[in-house]
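Here's the letter readout for the chains.
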Amino acid sequence: MDQRVEVDGHRITLRNLDKVLYPATDTTKGELLHYLTGVADLILPHLRNRPVTRKRWPDGVEAETVFFEKNTPRGAPAWLRRVTLPVPGSTKNRETIDFPFLDDVASLVWAANLAALELHVPQWRVGPDDVARDPDLLVIDLDPGPPAGLEECTEAAFAVRDLLADDGLEPLPVTSGGKGMQLYAAIAGTQGSEVVSGYVHRVAAELEKRLPRLVVSRMTKTLRHGKVFLDWSQNNGAKTTICPFSPRGRELPTVAAPRTWAELEAGGLRQLQFYEVLDRVAELGDPLAHLLPGDDEPGRGPEVPTR
């Protein structure tokens, strides 16, 4: 049954709230909306001014229909903020894409109503002139090759933290809601994506040299067995990464959950689900909040070394 609601002064028709999106836990679209509105104050700063690529499961995570959606779809409400940006090298031969922003509760509800379970964003923002700025965050995706898991990712994360600290960077961890985790660090916002990506590539290669039993920096899948791949390529300006606090389209309703280093030190790390993240945010808030610059700030961290 449809339900008409008003959010931020906008009227939205919510459809099929009882549709099960995660059959393993009988989690419905209504529960997805409950989660996202519950963490809205925390996820929206991570989404603000960043064009959002949505990954949609209209019939739930066990159905065959799943797709990435970059462009603003037909029928999107007129009030939805959007921006047209160039997309060189598009696989669909498009010169530009009309991206939506999800920067208020209404737009977040609109996306969830379309079963956009995953929200992916770049590490750069769009300025008031509708032009992409230089990245204000760097990210390292720690991707474990089976049988490695979060235990090995934790060991690699501490090694990454120590190496970045030598360059004045202070990374923070996010369990991905999938197999591994990401590390985010604030940077100055004054260097291009190619500079940041090159720096993170060098960090990954150095750690592979220091910890060959644990870390691999090369993308060749045959090298990843039992090791943690440090994916530096997520800093490419054309790439996106799962947004902190975004749900995941996995068997269970897991979340890309910001964590603390104390949690990693305690061990026994596992991926968190909707209800667990809702329980913890009242006490912890967002451990990553201080990494995010204000609208008038280019970034809150140092420049990355170019050596």
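Residues numbered from 1 in each chain as written. Predicted model: local features only at pLDDT ≥ 70, side-chain atom pairs only at ≥ 80, totals over all residues. Heavy atoms only, no water.

The name recorded for the protein in an unreviewed UniProt entry is Non-homologous end-joining DNA ligase, from Spongisporangium articulatum.

**Q** When you look at the packing of aromatic side chains in this model, what are you seeing that I'm missing?
**A** Taken as a whole and judged by the stated rule, the model has 3 aromatic pairs. Ring plane angle 85° and centroid distance 5.8 Å describe the contact between Y22 and F274, whose orientation is recorded as edge-to-face. Here Y22, found in strand β3 (residues 20-22), pairs with F274, found in helix α7 (residues 274-284); they are 252 residues apart in sequence, far enough to count as distant. For the pair formed by Y22 and F274, the shared burial category is buried. Residues Y35 and F274 carry aromatic rings whose centres are separated by 4.7 Å and whose planes lie at 10° to one another, so their mutual orientation is stacked. (Phe/Tyr/Trp six-rings, centres within 6.5 Å; stacked < 30°, edge-to-face > 60°. Helix = DSSP H or I, 4+ residues; strand = E, 2+ residues; numbered from the N terminus. Buried < 20%, exposed > 50% of the residue type's maximum accessible area, 1.4 Å probe, protein only.)

**Q** I'm lost on α7 in this one. Help?
**A** Residues lying three or four places apart along an α-helix face the same way, a consequence of the helix completing one turn every 3.6 residues. Every buried residue belonging to α7 is among F274, E276, V277, R280 and V281, and all of these are buried. Summarising the axial view, the buried residues of α7 lie within an arc of 150°, below the 170-degree limit, and thus occupy one face. Among the exposed residues of α7, those oriented more than 90 degrees off its buried face are D279, A282 and E283. Looking at the packing, one finds that the buried side of α7 touches β3, β4 (27-28), α1 (29-38), α2 (40-47), β16 (257-258) and α6 (261-266). Among the residues trailing α7, G285 stands out with phi positive, at a value near 65°. (Arc of directions from axis to C-beta. Contact = heavy atoms within 4.5 Å.)

**Q** Quick question: what am I supposed to make of the pattern of salt bridges here?
**A** Side chains that carry opposite charge are capable of pairing whenever their charged atoms lie near each other. For the structure shown, the criterion picks out 21 salt bridges. Measuring nitrogen to oxygen at the nearest pair gives 3.2 Å for the salt bridge that ties R259 to E263. Accessibility classification places R259 together with E263 in one group, the buried group. When the shortest N-O distance is used, the salt bridge between E297 and R300 registers 3.0 Å. Residue R300 is classed as partly exposed on the basis of its relative accessible area of 43%. The network of salt bridges with shared partners includes R48, R81, D103 and D295. (Salt bridge = Lys/Arg side-chain N within 4 Å of Asp/Glu carboxyl O.)

**Q** Honestly, the sheet that holds strand β10 (residues 137-144) in this entry has me stumped. Any pointers?
**A** The strands that make up a sheet are held in pairs by hydrogen bonds between backbone atoms, and each pair lies either parallel or antiparallel. Strands sit in the order β13-β14-β10-β12-β11-β16 across an open sheet of 6 strands; the sheet is mixed. The sheet is open, and its two edges are formed by β13 (215-216) and β16, each paired on a single side. Relative to strand β14 (residues 228-231), β10 is paired through 4 bridges, and the arrangement is antiparallel. What sits directly across from D141, in β14, is D231. This element, helix α4 (residues 150-165), spans β10, β11 (172-175), β12 (181-186), β13 and β14 of the sheet and lies at about 150° to β10. With respect to the sheet, helix α5 (residues 193-210) is in contact with β10, β13 and β14, its orientation differing from that of β10 by roughly 35°. (Pairing = 2+ DSSP bridges. Axes fitted to C-alpha atoms, helices over the stretch in contact; angles between N-to-C directions.)

**Q** Can you help me understand the nonpolar core in this one?
**A** Within soluble globular proteins, side chains that are nonpolar tend to cluster in buried spots. Grouped together as the largest cluster of nonpolar side chains are 43 residues, with contacts concentrated most on L138, I140, L142 and L230. Elements with a minimum of two residues in this core: β10, α4, β11, β12, α5, β14 and α6. With residues near it in sequence (within four places) discarded, L138 still touches L164, L169, L183, Y184, A185, I187, V196, Y199, V200, N235 and V304. Counting residues in each nonpolar core, the second largest holds 41 residues, with L17, V61, C243 and A257 among its members. (Core = buried A, V, L, I, M, F, W, Y, C linked by side-chain atoms within 4.5 Å.)

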